[in-house]
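# Results of the structural survey
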Amino acid sequence: MMILPAVGGLALFQLFPFGRAFADSLMRFNPFTQAPNGFAGLSNYAEIANDPSFWTSVANTAIYGIGILGLELPLALGLALLLNQAVAGTALARTAVIASLAASEAVISLLWFMIYDKENGLFNGALGLIGLGPMDLLTDGSQAKAVLILMAVWKDIGLPTLIFLAGLQSIPQEYYEAASLDGAGKWSVFRHITLPGLRKSILLATFMVTVAATRFFTPIILMTQGGPNHETSNLMYYSYEEGFLLNSYGTGSAAVIAMVALLAVVTAIQIYALRERD
Amino acid sequence: MKNHEKRTQPIPAVDRRSVLKAAAALGAFAAFTPMIGACSSGGSPTAAGTVSRGPGPGGYKIDLGGYQGPELRTEAITIRVMRQSYTDPVNKLVTGMYDRFSAAYPNIKIQEELVPYGDLQQKMQVYVSSGKAPDLMMGRSDFAPAYKAASSTLPMREYFTDSYWQDIAPTLLDSVTFDGQTYAMPWEHLAMNMIINKDLFKLAGVALPPETSDPQKGWTVQEWLKAFKDLRAGFDAQGRRDLWPLAASVFGNGGPGSNYGQLESLWIRMMGDPQADKSTSAYKTFAGISDDGLTSTGYVDTPEAIEGMRNYQRLFQERLTPIGSVPDQMVSSTAAVSFAGPNQAGIWLSGAKPSFDWGVSPLPRGATILTCNASDSMVVWAGSPNPSETAALLGYLNNDANRIEFHKAWGSLPVRNSVIEQIPELRDSTALALAVNMGKISAAAPKTPGWFEYFNTMNPIVKDIALGADPDSALKDAARKVDGQLKKYA
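## Regarding the overall build of chain A
Helix and strand content of chain A: 14 helices and two strands. Seen along its three principal axes, the alpha-carbon backbone of chain A occupies a region of about 75 × 65 × 30 Å. The buried share of chain A, taken over its 278 residues, is 45%. Considering only residue pairs separated by 6 or more positions, chain A has 66% of its internal contacts joining residues 24 or more positions apart.

Laid out in structure tokens, this is it:
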């Protein structure tokens, strides 16, 4: 009975939407009313599998995941190590890093949209000052993916930093004192005390960042609308496009299920890779 | 002893795992419930039957325009309205109209929701799907085939007099009428022109386009492209990279691919010819869709359409217009020309003059001159519990006095000829007379129940072309995608 409220919440906000999305992925829909009008079997899955844009979105979901994880976790760890030092100004710096978490994703996206603008943006303006030509930051597929990843890292780095900070402060000081008495170097202390001590924090931060990278959506819809030619679309945007722009709830739901399946596989691999070893 | 016995007996299976399983089963049951009986689920609201007649124009407490439906009920009623947000003075003007309506009918309260223009159609669709849509919504005439096919909007023919309907511009009325029923009430008539900043033409040393109220006497598309190139060269020669020959689109959410129906489709369809034989690609290019509204291949990817999109692409590749969305370039005098509805000229003529000398010229002419009359149109939700009161409110908002007041504040072209005749500047000003004449030759958007998908598929493809995609392959890809989407309406 004690866990019933939590279970109720889980059923209502997690299991029900997931079950509904799965059910919808097997249905045909009236494009006008969005009411289900027949069982479609696996035809929605077959349809998205035959759509090249779907596979571009799958690949981009992976690219965003790898790019954001690969940049954000090491940077967050570095920041956490710096902010864990008892020196003047760290309290202010901690607040600044974490403050970006509180900012509205839509507002941040519009702000970066202006920064990246080819004609009037700050970024290209700065390039112009050193004699470099303007770059198509949001209109070239490869550049747009890169700048979206940079923006996401800047916006979301606060959370893993916070997790690592908490992890660092839970490592007993005695370990460091003992290592110091034994004459251990900084790298050796980091590798043999700090990193193992942060294992659970790394696991948690990896999950959180992976989920956030997979759900990456607001900057895409506000800055590139998935373009050019779907080159910045991911599975989240693809499912939105199918469901809400093209009135195809069935294929949109099938894309959501594909995204959850992909996330489950990635998470399982991460759990296995970061498991506790004897 | 008994208590001890109870404690030592195993508790039957109410552990965390079983609770989670039960919750999962509950969630799954709830989720899959819609599948049960899905085939019987229609979901569309019922359309109104025969409308009982009231006293007709002049017989109600206030001027309800051409409304001829029953007298309004006296019980407390709330009418929900969803529309785009205008400027503050225009918003106040509209809410003032509500206040006057409620003063005459104190039992009727009006609740309003303002939505960004580019989000109106999607918001409307979500509302209709939810089964709790506002009574009165701002839709668009180009979506009328979808409203009709979905039975989502109230057929309004019988709520208004025949003479009222006949007063509306025929091409516009035709775009919202199917089988004798009318599914949307045009709110304004989009008839575009090219608005020009004469000071910037002079600055660049480029000859001005013809200022005329005759749509056929403007420049061809090639003449416009040459003028844009000359303007670019003139601005660059003076180191004015901040100035642009053509302003970024302010339609929809701005930038390229912002509003295919009202703007970008012109580049394609002007290359076609509505007078050509139906089997020719010239005719199909203008039509944009097959007669049954289900095929775009052979219509949006013709040689003429590809040529039209190559012209469009030059605007971006030759730095004739910004690649992104830049607001208010015309007002801020950083662009020499802009595609604009008549409201811009109307506002400037009404006294809010810009800081530069301005004029208007007809749209670029390809094989034909075209303005698409995809216009803002009000619809009454078919599921509205207050259809007569909502139609009456619509009639009130559209009465002569309110339409003239709205024109003076917002500047857009009224849809009824009798109202146009009461506004002298629509005859006397070249700028507005051109809009009136463009309205007379305007054409509807391609008629298909899948216009929402057509529109949303074409927008990003047009943007891709602006960014450099090959128009030939992009349009063929677009046609394939649109046809794929339209299959569900077969």
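## A few points about the overall build of chain B
A count of helical and extended segments in chain B gives 20 helices and eleven strands. Overall, the C-alpha framework of chain B stretches about 105 × 60 × 45 Å when taken along its three principal axes. Residue pairs in contact within chain B that sit at least 24 positions apart in sequence constitute 75% of those at least 6 positions apart. Accessible surface for chain B amounts to roughly 19500 Å². Of this, 54% is attributable to carbon and sulfur atoms. Each charge class in chain B was averaged separately, 47 positive and 49 negative side chains, and the resulting centres sit 7 Å apart.

## So, the sheet that holds strand β9 (residues 335-340) of chain B
All names here are of chain B. Spatial ordering of the open sheet is given by β8-β9-β7-β10, a layout of four strands whose pairing is mixed. Looking at the sheet topology across the chains shown, the edges are occupied by β8 (244-246) and β10 (358-361). Strand after strand, the sheet turns through a mean of 25° between neighbouring axes, direction not considered. Pairing geometry for β8 and β9, over two bridges, is parallel. Directly across from Leu-246, in β9, lies its bridge partner Val-337. Sheet contacts for helix α18 (residues 430-440): β7 (193-197) and β10; angle to β10, the most-contacted strand, approximately 25°.

## Regarding the packing of aromatic side chains
By the definition in use, this model includes 36 aromatic pairs over all chains. Seen in terms of ring centroids, Phe-143 of chain B and Phe-455 of chain B are 5.7 Å apart; in terms of plane orientation they differ by 70°. Their pairing is edge-to-face. Pair noted here: Phe-143 of chain B is in the loop between β3 (136-140) and α5 (144-150) and Phe-455 of chain B is in helix α19 (residues 451-467), with a separation of 312 residues, a long-range link. Taken as a pair, Phe-143 of chain B and Phe-455 of chain B share a single burial class, namely buried. An aromatic cluster of three or more residues is present, and its members are Phe-29, Phe-217, Tyr-237, Tyr-240, Phe-244 and Tyr-249 of chain A. Over the aromatic face of Tyr-127 of chain B sits the side chain of Arg-80 of chain B, whose NZ or CZ is 5.5 Å from the ring centroid. Stacked on the ring of Phe-286 of chain B, the Lys or Arg Arg-269 of chain B has its end atom at 5.0 Å from the ring centre.

## Some thoughts on the pattern of salt bridges
All names here are of chain B. A full pass over the atoms with the stated rule returns 26 salt bridges over all chains. Glu-113 serves as the salt-bridge partner of Lys-123, at 3.2 Å between the closest nitrogen and oxygen. Of this pair, Lys-123 sits in helix α4 (residues 120-130) while Glu-113 is found in strand β2 (residues 108-115), placing the two residues ten residues apart along the sequence. According to the relative accessible area criterion, Lys-123 is partly exposed, its value standing at 34%. A salt bridge links Asp-470 to Arg-310, with the nearest nitrogen and oxygen atoms 3.6 Å apart. Separated by 160 residues along the polypeptide, Asp-470 in the loop between α19 and α20 (471-486) and Arg-310 in helix α12 (residues 303-317) bring together distant segments of the chain.

## Details of the environment of His-230 of chain A
Looking at the element boundaries, His-230 of chain A is found in the loop between α12 (218-223) and α13 (235-245). Owing to a relative accessible area of 15%, His-230 of chain A belongs among the buried residues under this scheme. Through-space distance from the C-alpha of His-230 of chain A to that of Gly-141 of chain A is 8.3 Å; in sequence the pair is 89 residues apart. Apart from residues no more than four positions distant in its own chain, His-230 of chain A is found in contact with Ser-53, Thr-56, Asn-60 and Glu-241 of chain A together with Lys-481 of chain B. A polar contact of 2.9 Å, which involves the side chain of His-230 of chain A, links it to the side chain of Glu-241 of chain A.

## Some details on the sheet that holds β2 of chain B
What the five strands build is an open sheet, ordered β2-β1-β3-β11-β6 (chain B); its pairing is mixed. Where the open sheet ends on each side, the last strands, each with one partner, are β2 and β6 (185-186) of chain B.

## A closer look at the packing of helix α3 (residues 52-83) of chain A against helix α11 (residues 199-214) of chain A
All names here are of chain A. For the pair α3 and α11, the least separation of the axes is 9 Å and the interaxial angle reads 140°. The orientation of α3 with respect to α11, classified from their angle, is oblique. Helix-helix and strand crossings are classified by hand; for α3 and α11 the assignment is right-handed. For the pair α3 and α11, the contacting residues are Thr-61, Tyr-64, Gly-65, Ile-68, Leu-69, Glu-72 and Leu-73 in the first and Ala-205, Thr-206, Val-209, Thr-210, Ala-213 and Thr-214 in the second. Considered class by class, the residues forming the contact of α3 with α11 number seven nonpolar, five polar and one charged.

## Here's the deal with the environment of Gly-131 of chain B
Residue and element names in this part refer to chain B. In this structure, Gly-131 sits in the loop between α4 and β3. Under the relative-accessibility criterion, Gly-131 is labelled partly exposed at 40%. When the C-alpha atoms of Gly-131 and Ser-152 are compared, they prove to be 9.9 Å apart, with 21 residues separating the residues in sequence.

## Focus on the pairing of β7 of chain B
All names here are of chain B. Where burial is concerned, most of β7 is hidden: five out of the five residues are buried. Burial along β7 is two-sided: Asn-193, Ile-195 and Asn-197 and Met-194 and Ile-196, pointing in opposite directions, are all buried. Inspection of the sheet shows β7 paired to β9 by four bridges, in the antiparallel sense. Bridged to Met-194 within β9 is Phe-339. The pairing of β7 with β10 spans four bridges and is antiparallel. Considered in β10, the bridge of Ile-195 is made with Val-360.

## Structural notes on the pairing of strand β2 (residues 36-39) of chain A
Note that strand β1 (residues 27-29) of chain A and β2 of chain A share three bridges and pair antiparallel. Paired with Phe-29 of chain A across the bridge in β2 of chain A is Pro-36 of chain A.

## Here's the deal with helix α15 (residues 400-410) of chain B
All names here are of chain B. Within α15, the full set of buried residues consists of Asn-402, Arg-403, Ile-404, Phe-406, His-407 and Trp-410. Turning to α15, the residues buried within the fold contact α3 (88-104), α13 (342-349), α14 (387-397), α16 (417-421), α17 (425-428) and α18. A distance of 3.2 Å separates the backbone nitrogen of Ala-401 from a side-chain oxygen at the start of α15, and that oxygen is part of Asn-399. Positive phi shows up at Gly-411, right after α15, with a value of about 85°.

What counts and what doesn't
- Residues numbered from 1 in each chain as written.
- Chains lettered and ligands numbered in written order.
- Predicted model: local features only at pLDDT ≥ 70, side-chain atom pairs only at ≥ 80, totals over all residues.
- Heavy atoms only, no water.
- Helix = DSSP H or I, 4+ residues; strand = E, 2+ residues; numbered from the N terminus.
- Buried < 20%, exposed > 50% of the residue type's maximum accessible area, 1.4 Å probe, protein only.
- Contact = heavy atoms within 4.5 Å.
- Areas by Shrake-Rupley, 256 points an atom, 1.4 Å probe, with all protein chains shown as cover.
- Lys, Arg positive; Asp, Glu negative; His and termini not counted.
- Charge placed at Lys NZ, Arg CZ, Asp CG, Glu CD.
- Pairing = 2+ DSSP bridges.
- Axes fitted to C-alpha atoms, helices over the stretch in contact; angles between N-to-C directions.
- Phe/Tyr/Trp six-rings, centres within 6.5 Å; stacked < 30°, edge-to-face > 60°.
- Lys NZ or Arg CZ within 6 Å of the ring centre and 35° of its normal.
- Salt bridge = Lys/Arg side-chain N within 4 Å of Asp/Glu carboxyl O.
- Polar contact = N/O pair within 3.5 Å; in protein donor to acceptor, adjacent residues only side chain to side chain.
- Parallel < 35°, antiparallel > 145°, perpendicular 65-115°, else oblique.
- Left-handed = near helix turned anticlockwise from the far one by under 90°.
- Nonpolar A, V, L, I, M, F, W, Y, C, P; charged D, E, K, R; others polar.

That's the geometry; what it means functionally is another story.
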